[in-house]
Amino acid sequence: MVLAEQVFGLNIQLVMIIMLVLILILIIGLIVIFKKLQNITRRYYSLTSGKTAKDLESIMLTRFKEMDKVKALMKKYRTEHKGFKGHLDTCYNKMGLVKYDAFDNMAGELSYSLALLNADNSGLVMTSMHSKQGCFSYAKEIIKGESYLALSKEEKEAIQKALTVDEEIERMTNELDEDDIM
């Protein structure tokens, strides 16, 4: 009788409980897998509803062609951007203006010095002095922020304003940002 009550050296009731627990674990696993399969099947049918495999293939091929067109446009725009950037570096993008009275008998600050510089800080400074006898204008070349000709105090000030215009814009932008915070 010992053989009937024991299996593999264990009590038959213990073996039955272990088997029952394993069966329950397998059933729970099957339920989880079945739910995942249902979810995947639902997604698949929503993706392919009303479509045949041929339709999906044509849609995918159309999208690939569109992506190729977008890549080609991006390459074209990148090339154009490099050209524009090179052109913009040579344009005057910094300006400094100083208005003043050039002569003691004149009022209204009709005289001025205007500095126009590019990204390399090269360009020109124009000075126009107004008097009762007429207007006198001068232009001097600026190379990397310096002139080979003597500069007046107002011309130096105009060049300095042009050189620091980026810093001034940054300061004003930061002030605006701080006002937005408050």
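The paragraphs below set out a description of the structure included in this document. The structure presented is a predicted model; accordingly, all values stated were derived computationally and were not measured. (Residues numbered from 1 in each chain as written. Predicted model: local features only at pLDDT ≥ 70, side-chain atom pairs only at ≥ 80, totals over all residues. Heavy atoms only, no water.)

As defined by bridge partners, strand 4 (residues 111-117) adjoins strand 5 (residues 123-130) across six bridges and the pair is classed as antiparallel. Bridge assignment links leucine 116 to a residue of strand 5, and that residue is leucine 124. Between strand 4 and strand 5, which pair antiparallel in sequence order, lie five residues; one of them, asparagine 121, sits at a positive phi of approximately 60 degrees. Note: strand 5 against strand 6 (residues 135-142), eight bridges, orientation antiparallel. Note on strand 6: the bridge partner recorded for methionine 129 is phenylalanine 136. (Pairing = 2+ DSSP bridges. Helix = DSSP H or I, 4+ residues; strand = E, 2+ residues; numbered from the N terminus.)

Attention now moves to the side chain of serine 128. Position of serine 128 relative to the elements: it lies in strand 5. Setting aside residues no more than four positions away along its own chain, serine 128 makes contact with Ser111, Tyr112, Cys135, Phe136 and Ser137. (Contact = heavy atoms within 4.5 Å.)

A surface patch of nonpolar side chains, about 710 Å² in accessible area, is lined by Leu10, Leu14, Ile17, Ile18, Met19, Val21, Leu22 and Ile25. Here leucine 10 falls in the partly exposed class, since its relative accessible area comes to 38%. (Patch = residues over 30% accessible without salt bridge, like charges linked within 9 Å, V, L, I, M, F, W, Y side chains within 5 Å. Areas by Shrake-Rupley, 256 points an atom, 1.4 Å probe, with all protein chains shown as cover. Salt bridge = Lys/Arg side-chain N within 4 Å of Asp/Glu carboxyl O. Buried < 20%, exposed > 50% of the residue type's maximum accessible area, 1.4 Å probe, protein only.)

The next point concerns the pattern of salt bridges. Charged atoms that come close allow side chains of opposite charge to pair. Per the counting criterion, the structure on display carries two salt bridges. Between arginine 63 and glutamate 66 there is a salt bridge whose closest N-O contact spans 3.3 Å. Of the two residues, arginine 63 and glutamate 66 both sit in helix 3 (residues 53-90), three residues apart, roughly one turn of that helix. Two residues, lysine 140 and glutamate 155, come together in a salt bridge whose shortest N-O distance is 3.0 Å. Placement of the pair is lysine 140 in strand 6 and glutamate 155 in helix 4 (residues 153-163), with a sequence separation of 15 residues. Note on glutamate 155: relative accessible area 2%, which makes it buried.

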